[in-house]
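# Descriptive structure summary
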Amino acid sequence: MMTRNYKFRPAVAMKLCLSRVALAVSLTIFASANAAEPEGYKAAVKVTPLLLTETTEAGQPIVYPQVKDPEVRAVTVVIPPGVETGWHVHPFPCYAYILSGELEVEFEGGVKKQFHAGQAIAEAVNVLHNGRNPGKEDAKLVMFVTGEKGLPFTIKKQADAAK
């Protein structure tokens, strides 16, 4: 059996050991700093995730709009009990947070999803859908739109638009 005889080099071993210790200490400091200061805020600031997704409610991948004149809008939407939004599409990405009440969204093809107060939604883009409030109180939403200046963020279904 053949073995190799390596000379032990204390200086090299010490450098390797010190670099490993430095890496471990750096990772520990980084991890504890991130735990104490989530998302870059001071520890006293509470950050609660509402939505973390790579897809819309219709299963589409999130895509940022490439528009000439970008604009971000924030609006409130109030849907009384028993009222529907009417069939429509959003040509731009929209994100909503339900403040109160319930919302049922039906997508073209018959798939329905239920949402309630405290939930955040990545709305479907260019997919026909209808929202309905099945509850006994107003459904109140805050909606954020990443669209284009001067263009609508909701387009009614053609048959509904004639009404």
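Residues numbered from 1 in each chain as written. Predicted model: local features only at pLDDT ≥ 70, side-chain atom pairs only at ≥ 80, totals over all residues. Heavy atoms only, no water.

To continue, consider the overall build of the protein. Helix and strand content of the protein: two helices and nine strands. Going from the N terminus to the C terminus, the protein shows its helices and strands as α-β-β-β-β-β-β-β-β-β-α. When each of the 163 residues of the protein is scored for burial, the buried share is 25%. Sequence-distant contacts in the protein: of pairs separated by 6 or more residues, those separated by 24 or more amount to 75%. Summed over its atoms, the accessible surface of the protein is roughly 11,900 Å², and 60% of this surface lies on carbon and sulfur atoms. (Helix = DSSP H or I, 4+ residues; strand = E, 2+ residues; numbered from the N terminus. Buried < 20%, exposed > 50% of the residue type's maximum accessible area, 1.4 Å probe, protein only. Contact = heavy atoms within 4.5 Å. Areas by Shrake-Rupley, 256 points an atom, 1.4 Å probe, with all protein chains shown as cover.)

Per the counting criterion, the structure on display carries three salt bridges. Where glutamate 57 meets lysine 113, a salt bridge forms, and the shortest distance between an N and an O atom there is 3.5 Å. Residue glutamate 57 is found in the loop between α1 (10-36) and β1 (70-79), and its partner lysine 113 is found in strand β5 (residues 112-116); the two are separated by 56 residues along the sequence. The closest approach of N and O atoms between arginine 132 and glutamate 104, which form a salt bridge, is 3.2 Å. Pair noted here: arginine 132 is in strand β7 (residues 129-132) and glutamate 104 is in strand β4 (residues 102-107), with a separation of 28 residues, a long-range link. (Salt bridge = Lys/Arg side-chain N within 4 Å of Asp/Glu carboxyl O.)

What follows is about the environment of valine 111. Within the secondary structure, valine 111 is located in the loop between β4 and β5. Measuring from C-alpha to C-alpha, the distance between valine 111 and alanine 58 comes to 9.1 Å, with 53 residues separating the pair along the chain. What valine 111 contacts, discounting residues up to four positions off in sequence, is Val105 and Glu106.

Our next topic: the side chain of glutamate 123. Mapping glutamate 123 onto the fold places it in the loop between β6 (120-122) and β7. Among the polar contacts listed, one links the side chain of glutamate 123 to the side chain of histidine 90, at a separation of 2.9 Å. If sequence neighbours within four positions are ignored, glutamate 123 has contacts with Thr56, His90, Cys94, Ala96, His129 and Met143. (Polar contact = N/O pair within 3.5 Å; in protein donor to acceptor, adjacent residues only side chain to side chain.)

As a further point, take the environment of tyrosine 95. Tracing the sequence through the fold places tyrosine 95 in strand β3 (residues 94-100). Here the alpha-carbon distance between tyrosine 95 and leucine 141, two residues 46 residues apart in the chain, equals 9.9 Å. What tyrosine 95 contacts, discounting residues up to four positions off in sequence, is Leu51, Ile62, Ile121, Ala122, Val142, Met143, Phe144 and Thr146.

The strand order β1-β8-β3-β6 describes an open sheet built from four strands, whose pairing is antiparallel. The open sheet terminates on both sides in strands that have one partner only, identified here as β1 and β6. Neighbour-to-neighbour, the strand axes of this sheet turn through a mean angle of 20°, independent of strand direction. Examined bridge by bridge, β1 and strand β8 (residues 139-148) share ten bridges and lie antiparallel to one another. Counterpart to glutamate 71 in the pairing with β8 is glycine 147. (Pairing = 2+ DSSP bridges. Axes fitted to C-alpha atoms, helices over the stretch in contact; angles between N-to-C directions.)

What follows deals with a nonpolar patch on the surface. A surface patch of nonpolar side chains, about 250 Å² in accessible area, is lined by Tyr41, Val45 and Val47. Judged by its relative accessible area of 37%, valine 45 falls in the partly exposed class. (Patch = residues over 30% accessible without salt bridge, like charges linked within 9 Å, V, L, I, M, F, W, Y side chains within 5 Å.)

For the rest of this paragraph, the subject is the nonpolar core. With 17 residues, the main nonpolar core has Ile98, Leu103, Phe115, Leu141, Met143 and Val145 as its most contacted residues. Residues in contact with valine 145, not counting those within four places in the same chain, are Glu71, Val72, Arg73, Phe92, Pro93, Cys94 and Phe153. (Core = buried A, V, L, I, M, F, W, Y, C linked by side-chain atoms within 4.5 Å.)

So, on to the side chain of threonine 56. As for its position among the elements, threonine 56 is in the loop between α1 and β1. Ignoring anything within four residues of it in the chain, the contact list for threonine 56 reads Ile62, Ala122, Glu123 and Ala124.

Geometric values such as these leave the question of function open.
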